[in-house]
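Fold and geometry: a report
The chain contents come next:
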Amino acid sequence: MKLDVLDRQSDQDPAVAAEIALEASRWAEITALVQLLTPDERNAPGYFVDPAWSVKDLVAHLGWWQAQARSELLKIATRMYEPHDLDVHGRNAETLAARRHDPWELVWPEATAARIWMLEAWLGLRGPSSDANQWVRKAGAEHYGEHLDRLRGWTAELLDLRTRPRLDERDP
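This section reports on the structure supplied with the text.

The rules we used
Residues numbered from 1 in each chain as written. Predicted model: local features only at pLDDT ≥ 70, side-chain atom pairs only at ≥ 80, totals over all residues. Heavy atoms only, no water. Helix = DSSP H or I, 4+ residues; strand = E, 2+ residues; numbered from the N terminus. Buried < 20%, exposed > 50% of the residue type's maximum accessible area, 1.4 Å probe, protein only. Contact = heavy atoms within 4.5 Å. Lys, Arg positive; Asp, Glu negative; His and termini not counted. Charge placed at Lys NZ, Arg CZ, Asp CG, Glu CD. Phe/Tyr/Trp six-rings, centres within 6.5 Å; stacked < 30°, edge-to-face > 60°. Lys NZ or Arg CZ within 6 Å of the ring centre and 35° of its normal. Arc of directions from axis to C-beta. Core = buried A, V, L, I, M, F, W, Y, C linked by side-chain atoms within 4.5 Å.

1. A word on the overall build of the chain
When helices and strands are counted, the chain shows eight helices and zero strands. Ordering the α and β elements of the chain from the N terminus gives α-α-α-α-α-α-α-α. Dimensions along the principal axes, computed over C-alpha positions, put the chain at roughly 65 × 35 × 25 Å. The buried share among the 172 residues of the chain stands at 43%. In the chain, of all internal contacts separated by at least 6 residues, the share reaching a separation of at least 24 is 76%. Of note, the chain has its 21 positive side-chain charges centred 2 Å away from the centre of its 29 negative side-chain charges.

Right, dumping it as C-alpha cells:
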C-alpha cells in the first residue's frame, strides 16, 4: 500500500526520507511473508516457542506498538508528552493474551491501519523531535527488524512443511 502522506513528506529531510524508506521496505517484506502463508499457517504456534506465538500474534504485537507510538506522537504534537518507561515484557504478554483469539481478518487490518496512523502522526509534526523519532523507530523499522529474521525462518519452515513429502502417517 502506497501512502500519499509519505510522498508529500519524504523530501523534507534526508534522515526522515531514509527512515521512511527503511520502514516501508521492512513492512513490505513482512506483508510479502505473511501473504505466502495459509490461514492455518498464520495461526500455527511456533514463531516463538515460550510463550507460543503465531504469525498472527506477531502482527497483533506489531500493531499494538504502532498504535502506542501514534498515541505518544499525538501527545508530542500537543505538547502533552512526558517521557516514560514501559514494561515491554509485561505489555507484550498482555497484548498476546488479549489478542490470542482474535481472527486474522481483524488483526491484519488493525495493524496496517495502526501503521498508517503512526506514520501520519509522525509526519504531521511541525518539526523534528528526538522523542518522536525514537517512538517511530521503537514501533517501526527498528522493531520490524528485530522480528524479520525469525519471521523469514518460520515462514520457510511452514512452507517446507507444506511442500515436503510425508515420510509416513506419523509425519506432520
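2. Section: the packing of aromatic side chains
All chains considered together, the criterion is met by seven aromatic pairs. Between W27 and Y144, the aromatic rings sit 5.3 Å apart at their centres with planes inclined by 50 degrees, giving tilted as the arrangement. Of this pair, W27 sits in helix 2 (residues 14-35) while Y144 is found in helix 8 (residues 141-163), placing the two residues 117 residues apart along the sequence. Judged by centre distance (5.4 Å) and plane angle (15 degrees), the rings of W104 and W108 are stacked. Taken together, the residues W104 and W108, both in helix 6 (residues 104-123) and four residues apart, mark about one turn of the helix. The residues W104 and W108 share a single accessibility class, namely buried. Within the aromatic cluster, the residues linked to one another by ring pairs are W27, W104, W108 and Y144. Taking NZ or CZ as reference, K138 lies 4.4 Å from the ring centre of W135, over its face.

3. So, the environment of K138
Here K138 is to be found in helix 7 (residues 130-139). It is 7.9 Å that separates the C-alpha atoms of K138 and W65, two residues lying 73 residues apart in sequence. If we skip the residues at most four places from it in the chain, K138 touches W65 and H143.

4. What about helix 7?
Among all positions of helix 7, only A132, W135, V136 and A139 are buried. Taken end-on, helix 7 shows its buried residues confined to a sector of 100 degrees, consistent with a single buried face. As for helix 7, its buried residues are in contact with helix 4 (55-77), helix 6 and helix 8.

5. Considerations on the nonpolar core
Counting residues in each nonpolar core, the largest one holds 41 residues, and the members touching the most others are I30, L73 and W122. When contributions to this core are tallied by element, the ones reaching two or more residues are helix 2, helix 4, helix 6, helix 7 and helix 8. Among the elements that line this core, the one with the most residues is helix 4, at ten residues. The residues contacting W122, other than those within four sequence positions of it, are V16, E19, I20, L73, A132, N133 and V136.

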